[in-house]
Amino acid sequence: MEVRMEEQNVGAFGPLEFSHPSENVYSYSFRSEVAHCLFCSDMFKLPEERTYFSTHLFVHHQFEIADMEMIANMSKYCNYWRSRFLAEPPNKICSRMLIDAKGDGTCVNILVLGKFIPEDKKLREDLHNKQMMWVLTQKINEREDKNFSRKCLLCRLQFKGCRADYLSHLSRLHNMQLGQPENLVFIDDLLNCIETRLESLHCLFCNKLFKNQTVLKEHMRKKQHKKINPKDTEFDKFYIINYLEMGKNWRQVKNEPDDDDDDDELSNAENSDRRVSVGNWSDWEEDEDKVENPVVCLFCERSSSFDEIQSHMNNAHGFDFTRISVDMDFYHQVKLVNYVRRQVYMGHCPYCDKILPNRRELLEHMSMESHFIVPQMQLWDQPE
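Residues numbered from 1 in each chain as written. Predicted model: local features only at pLDDT ≥ 70, side-chain atom pairs only at ≥ 80, totals over all residues. Heavy atoms only, no water.

When you go through the chain residue by residue, the secondary structure sums to 14 helices and 10 strands. For the chain, buried positions account for 39% of its 384 residues. Taking as baseline every contact in the chain between residues at least 6 positions apart, the subset at least 24 positions apart corresponds to 53%. When the accessible area of the chain is evaluated, it comes to approximately 22,700 Å², of which 48% is carbon and sulfur surface. (Helix = DSSP H or I, 4+ residues; strand = E, 2+ residues; numbered from the N terminus. Buried < 20%, exposed > 50% of the residue type's maximum accessible area, 1.4 Å probe, protein only. Contact = heavy atoms within 4.5 Å. Areas by Shrake-Rupley, 256 points an atom, 1.4 Å probe, with all protein chains shown as cover.)

Encoded structure:
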């Protein structure tokens, strides 16, 4: 397709106004929205019908909206330009292009609307800023809400508290990695989306369909698929990074070249620290010196390599896992580890089942009572 820019006419630039400034036009804007054609009465459901909308504009109106997928609120965007074109003809505002659509040398004259036009750029920036403020407000509300209540996606625990603790529960007890809580937004909708997928017997990561829940769970465990696939765009809306820069998602940010101007101010090591891979959402952490696939201590927050954690548990807690598990098969080792980890998370002493109000007092109790030992086998040798 041959494209030639013929001319560019930019209309008068003025302040952007919305008919209802107080209206929360971004409530659940990541869901489907209806956009009116800029020139006729046809309506389109976006983003599902974005291709049809673009084709309609080209075929019926010889018009194109550049980078449509990167506009924060297409419904508001279209309403603005519908009103604007009633006051001033599009050919006085938009750029004009000649396109050889069929490749036979016959050019079609179309009008193009994009951020290369100052008024359009200002509108897109305004819509993006409003969306960003709405997302941050939503994030603050989720972070400060202490009345969150929901049953765990993977066990029978009815959780009450804050969303960050719920996500920590999924990560620590079930190894379901959704990303750091501070990087997530619309968490309730994220959990609903995951629950729907699991209930339909689809793998969270690869979306493969299974015949029953048991086979699905075994697949996700063996394949380490208890995480979100970064290539699955359905989940982009739940990560704040996709709202930070106008017209860019994390994939575009990731592919941007490093800024050469920083070389004068930062050492090579510092530059290396700045190159964070946003593709792997389950590892969004600032410390890049962390051990790959770290192991967390059964009793405290310490995490490191498997060998280092075994040494730590022996020296700090008097729990020699190597000696304790020497006569156990792998299946029983897993049972013991899961039982101890669950008891500690719930604030129960693994040995005597005494309930303590916090982790510090629990560890003090276990140390004073010498309870850093293997509990009776009937307590932990259970199918669950």
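Now that the structure is up, let's keep going.
We now examine the UniProt feature "domain: C2H2-type" (unreviewed entry) in the chain. When the UniProt feature table is mapped onto this chain numbering, "domain: C2H2-type" (unreviewed entry) sits at residues 201-230. Strand forms 0% of residues 201-230 and helix 33%; the C-alpha atoms that close the span are 20 Å apart. (UniProt positions renumbered as here; feature names shortened; annotations may be inferred.)

Two elements in contact, helix 4 (residues 163-174) and helix 5 (residues 187-199), have axes separated by 11 Å at closest approach and are oriented at 30°. Taken together, the axis directions place helix 4 and helix 5 in an arrangement best described as roughly parallel. In this structure, helix 4 crosses over helix 5, and the sense of that crossing is left-handed. Mapping the contact onto sequence places Arg163, Tyr166, Leu167 and Leu170 in helix 4 and Ile187, Asp188 and Leu191 in helix 5. Among the residues making up the contact of helix 4 with helix 5, the classes are represented as five nonpolar, no polar and two charged. (Axes fitted to C-alpha atoms, helices over the stretch in contact; angles between N-to-C directions. Parallel < 35°, antiparallel > 145°, perpendicular 65-115°, else oblique. Left-handed = near helix turned anticlockwise from the far one by under 90°. Nonpolar A, V, L, I, M, F, W, Y, C, P; charged D, E, K, R; others polar.)

Below, the discussion takes up the nonpolar core. Leu170, Leu178, Leu191, Leu204 and Phe235 are the most contacted members of the largest nonpolar core, which totals 34 residues. Of all the secondary-structure elements, those providing two or more residues to this core are helix 3 (118-144), helix 4, helix 5, helix 6 (213-222) and helix 7 (241-244). In terms of residue count, the dominant contributor to this core is helix 5 (six residues). Counting 25 residues, the second-largest nonpolar core is a separate cluster that includes Phe53, Phe63, Ile93 and Cys94. (Core = buried A, V, L, I, M, F, W, Y, C linked by side-chain atoms within 4.5 Å.)

Another point: the pairing of strand 8 (residues 158-161). Residues Phe159 and Gly161 of strand 8 are buried on one face, while the alternating residues Gln158 and Lys160, pointing to the opposite face, are not. Bridge count for strand 7 (residues 148-151) against strand 8 is four bridges, and the pairing is antiparallel. Bridge pairing in strand 8 links Ser149 to Lys160. Counted between consecutive antiparallel strands, the loop separating strand 7 from strand 8 contains six residues. (Pairing = 2+ DSSP bridges.)

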